[in-house]
Amino acid sequence: MAAAPAASRALSALLSLALLGALAGAGRASPISSGAVTSALNARLKNLTDAFAPQVRRELGYCIQDTDSEWNTTFNFSSDPTFLVDCMKEGDLPQRVCTAAELKFYFESILDTSGKKNYVKPNKNCNLTSWIDGCEPGWGCTADTGQEVDLQDAVSFPSRTLDCRGCCPGFFCPHGLTCMIPCPLGAYCPQSTLNKTTGVCDPYNYQPPPGKTNHTCGGADRWSDVMSTDDVFCPAGYYCPSTITKLDCSSGYYCRKGSTSQTKCLSKGSCKPNSATQDITIFGAMLVGALSLVLLIIYNFSDQLLTNREKRQAKSREAAVRHARETVQARERWKSAKDVAKKHAGSLQNSLSRTFSRKKTLRTHESSKGGGGGLHPTEPDADPSKESGGKKNNTDTMHSLEENHGKDEGFNVEAGEKKKTKGRHAHTQSQIFKYAYGQIEKEKALELELEQQPNSNLTFSGVISMATDEDIRTRPRIEIAFKDLTLTLKGSKKKLLRSVTGKLMPGRVAAVMGPSGAGKTTFLSAIAGKATGCATSGMILINNRVEPIRAYKKIIGFVPQDDIVHGNLTVQENLWFNARCRLSAEMSQAEKVLVVERVIDALGLQPVRDSLVGTVEQRGISGGQRKRVNVGLEMVMEPSVLILDEPTSGLDSASSLLLLRALRREALEGVNISMVVHQPSYTLYNMFDDLILLAKGGMTVYHGPVKKVEEYFQGLGIVVPDRVNPPDYYIDILEGIVKPNTNAAVNIKDLPLRWMLHNGYEVPRDMLQSASDSGSSFREGSGHHTPEAEPRKSIVGELWGNLRDILGQKKDEYDYNKSSEDLSNRKTPGILRQYKYYLGRCGKQRLREARIQGVDFLILGLAGICLGTLAKVSDETFGALGYTYTVIAVSLLCMIGALRSFSLEKIHYWRERASGMSSLAYFLSKDTIDHFNTIVKPIVYLSMFYFFNNPRSSIWENYVVLVAVVYCVTGIGYTFAIFFQPGSAQLWSALLPVVLTLVSSEQKGTVFANLCYTKWALEAFVIANAQRYSGVWLITRCGSLVKTGYDIDHKILCIVVLVANGIVFRCIAFFCMVIFQKH
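What this report covers is the structure whose coordinates are included nearby. From a predicted model like this one, the values you see are computed outputs, not experimental measurements.

## Quick word on the environment of T1044
- Locating T1044 in the fold gives a position in helix 30 (residues 1034-1044).
- The spacing of T1044 and G1005 is 39 residues in sequence and 8.8 Å in space, taken between C-alpha atoms.
- Of the polar contacts made by the side chain of T1044, one reaches the backbone oxygen of L1041; its length is 3.4 Å.

What follows is the structure in structure tokens.
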């Protein structure tokens, strides 16, 4: 109650110094003319209100925003001063009204007792020794004769003991004071009447003093907050234009408690006579129906839009394929016709040659015979010349046809001349598809021709160059050499790879094999620069230079073992997105489409290109097709190095063969390909160029051409039995399942040493301990040894080692992803363009999740109905209870909904980020799409809650606050989704709103409470509602805001704090997304 003295002083200033001063001016006006009273009242009130406004704002600023506005709604009696005129007719009004000191004394007593007592403390006029009739409730007295009353005196009480009688209507006389105070607007203060049955003065709850027959019922006895007494409040269902008039609320209107006028209902039929509120539930239902219809139309239209777009693209592709095939067929027919014409031209040439020879011989003979005096025909001589000229032109045309065969500029069969097309500069969809499929068909035709030529060594790039008649982009060739490559966990010092030496060549396909635990995936991760949490020793050379492999990550494709593909996108959408984000920004759209179409055609994905990949809940393409899409995501970015982790696992032999053929086609372009393979078939095994065979412990057993592996092992005495697949046999030997079929004493553990000695590599000293004392080359079974036992670590040491491994891994992951050095010479699209691409992808995903969104909206609507029905607005607390439930419910539901934005796509983000895509573009696109929910979800909730709860604040004010709340909790949901596992994130999302609401309610005014977003959300709701309570509600409003610690001027501040919380938590979420990765 520390604020009670300040509140009492401010209320006394507002009432006595402004209001009662005006009454003094009114008292000096003519008691007959109400117009004079009104004018004097207004002038006096305005002057005094302006004079004491700073004091009111200083001491009651937490509940009064504008003193002029509050005066107009509370004490502006100019519209109907009848009660003032009537009271002035009964006597000297200024001698009976309370001074500033008496008002201050009254409000201090009310606030000190929280309105629980209906009388004030003993004072000068009413005490134990002096208790006159004017001290009774509803009665007052006139100041003593000759005593001048200064209404602005805030220090001393005047003596009031004369002419005691009941209060004038429109005034109230407190119990224990002998003066009158005017009732505020919205109050109903008539003269009371004695209820003979109960002995109470109606409509007030006080009794006349017993034994005093002349003491009748007076006027109103007190004005306090509504929780203490609502006797003077205009009852619900009625409105009181003045403090002495009460009128019934008409049909089609409603009147809340304390109303000075009736409010028109939205529908006349929704308000019967004397309605306290309007029944607007039907409007909420109509709004929900309209919103549902709009959302249904949007979702259906969007889905139909996507479907129609896919159909148009499919038609364009089919037309382009038809056109390309017809062009190829026409070219083949033209080629056949050209061959026939060429053959015919050859025979014609021979015939003409014979004819000319015969004629020449004849002319020579006649000339020699006749001495030149024979006949000299002119026409026959001219005709052969013409024929010869025609023959020459025809032959040149044939040579031109041969020289221009297979070039990008095809023949126009109808016109007989070349048609110049600039396909790569095409803009329309049909032109782009025609260009892409035309090139693909030409490449196929040329490949077929080259296959028929046994001595042709032309690469696939050469085929493309011949088909386009232009120099194509050549991918940078990357050779990776490694020497004594060793990987050791930083904390536990466990070695994952050990002294691995070799080279991965561009244009070759290498298979990495070995038993489980041999470090195959670790080896490829080390080659790709993704081995995190390990200390790396040895040397890795890139094109014979010491350079970090991570500087080439834009042209390195890494296919993980798991099929990390977006299930709610089609096959083409997955590939097309990767191509747009990871191919060079300088490439035209037509060229990018051509790259994607080549990959789709090479992987055999044409039949399912427009099918959704599928998720756990929704069935999509088959597992083998999904695996090929997983590989295609890296192929579409035209990598120079392609690393695959078990790409054939789970595939049948036909699918594996198709995949490997596509990879060999990539190798023809100079791509350095290496992959982990388990149990390949013999046909598949022979398609590899190199084999890397690892033993347990990450040591090399063989690294070289596939064609020489059997020869090497035969030299060790290990011969593959008949009808046994060589890689299976070698792996079984390394696993210890099969013993080598040999007479030589070869220990399996010595195979890595045998390989190192075979190639002259330096052997680590600890590995040499397995050799004999003479240092022989492991003859006669000297490989049997007992390795030196490592000292056992304590539990604390093991935990510390594991912790160091985790921290080292996080640091390496961060260093890899933040690496700014780029040696790939590929400029990919910037953040803004990637943001555009991400935005389109995320929008499609949201449209395909319409059912989930619909369920979210349905749950929100049901929550609004339940809370709006159960937690009706309480005038005493301004609806704080309902708004508390609202903050908890909306926070919980929206936070859980926000988890889906990031929880389910962590591994997708990690893969895209490792390939060089922008994390900021990814995050902003997700947040931008979620703004739709930030806007729509408050509408869905309020359409039910507001119309069932019917608070006094407007729906717009509630909507603005709720949008800020949803924006804030969405940011918190992002943080939980990124930092925690899905189960823990849901638990935190359910608990946090409840806990923060309890803390902010119980720890009011503390720093911790101010850090809780629920405090600011609830304050914004309550303030928006409290502003609608004025006039007779002034004491109730100020008392409630003092109790809760809210400030009526903090409405904008609350919105700003909520939005700031949302921004801060989004920054935290982005930081966690970039820094932390949970596997």
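## Regarding the sheet that holds strand 15 (residues 509-513)
- In spatial order, the strands read 17-18-19-15-20-21; together these six strands make up an open sheet with mixed pairing. In this open sheet, the two edge strands, each paired with only one partner strand, are strand 17 (556-559) and strand 21 (699-705). Ignoring strand direction, the axes of neighbouring strands in this sheet form an average angle of 15°.
- The pairing of strand 20 (residues 690-695) with strand 21 spans six bridges and is classified as antiparallel. Bridging across to strand 21, A695 finds its partner in M699.
- Along the sheet, helix 13 (residues 623-635) contacts strand 17 and strand 18 (641-645); its crossing angle with strand 17, the most-contacted strand, is approximately 170°.

## Things to note about the nonpolar core
- Membership of the largest hydrophobic core comes to 126 residues, with the highest contact counts inside it found for F171, W223, V232 and Y941.
- At 13 residues, the largest contribution of residues to this core is made by helix 26 (residues 955-979).
- In contact with V232, not counting residues within four places along its chain, are G186, A187, Y188, C189, Y204, A220, R222, W223 and V1032.
- Among the nonpolar cores identified, the runner-up in size contains 71 residues, and F433, L642, V671 and L751 belong to it.

## A few points about the state of the cysteines
- In total, this model carries 10 disulfides according to the counting rule given.
- What pairs with C183 in a disulfide is C189, and their sulfur atoms sit 2.0 Å apart. Taking the sign of the S-S torsion, -110° for the link of C183 and C189, the bridge is left-handed.
- When its relative accessible area of 1% is taken as the criterion, C189 is described as buried.

## A short note on the pairing of strand 7 (residues 238-242)
- Where strand 7 meets strand 8 (residues 245-248), three bridges bridge the pair, whose relative direction is antiparallel. Paired with Y239 across the bridge in strand 8 is L247.

## Examining the sheet that holds strand 13 (residues 480-489)
- Here we have three strands laid out as an open sheet, ordered 14-13-16, and antiparallel in their pairing. The sheet is open, and its two edges are formed by strand 14 (495-504) and strand 16 (534-542), each paired on a single side. Averaged over all neighbouring strand pairs, the angle between strand axes comes to 5°, with direction disregarded.
- Across six bridges, the pairing between strand 13 and strand 14 is antiparallel. Note that in strand 14 the partner of T488 across the bridge is K495.

Thresholds, definitions, all that
- Residues numbered from 1 in each chain as written.
- Predicted model: local features only at pLDDT ≥ 70, side-chain atom pairs only at ≥ 80, totals over all residues.
- Heavy atoms only, no water.
- Helix = DSSP H or I, 4+ residues; strand = E, 2+ residues; numbered from the N terminus.
- Polar contact = N/O pair within 3.5 Å; in protein donor to acceptor, adjacent residues only side chain to side chain.
- Pairing = 2+ DSSP bridges.
- Axes fitted to C-alpha atoms, helices over the stretch in contact; angles between N-to-C directions.
- Contact = heavy atoms within 4.5 Å.
- Core = buried A, V, L, I, M, F, W, Y, C linked by side-chain atoms within 4.5 Å.
- Buried < 20%, exposed > 50% of the residue type's maximum accessible area, 1.4 Å probe, protein only.
- Disulfide = S-S within 2.5 Å.

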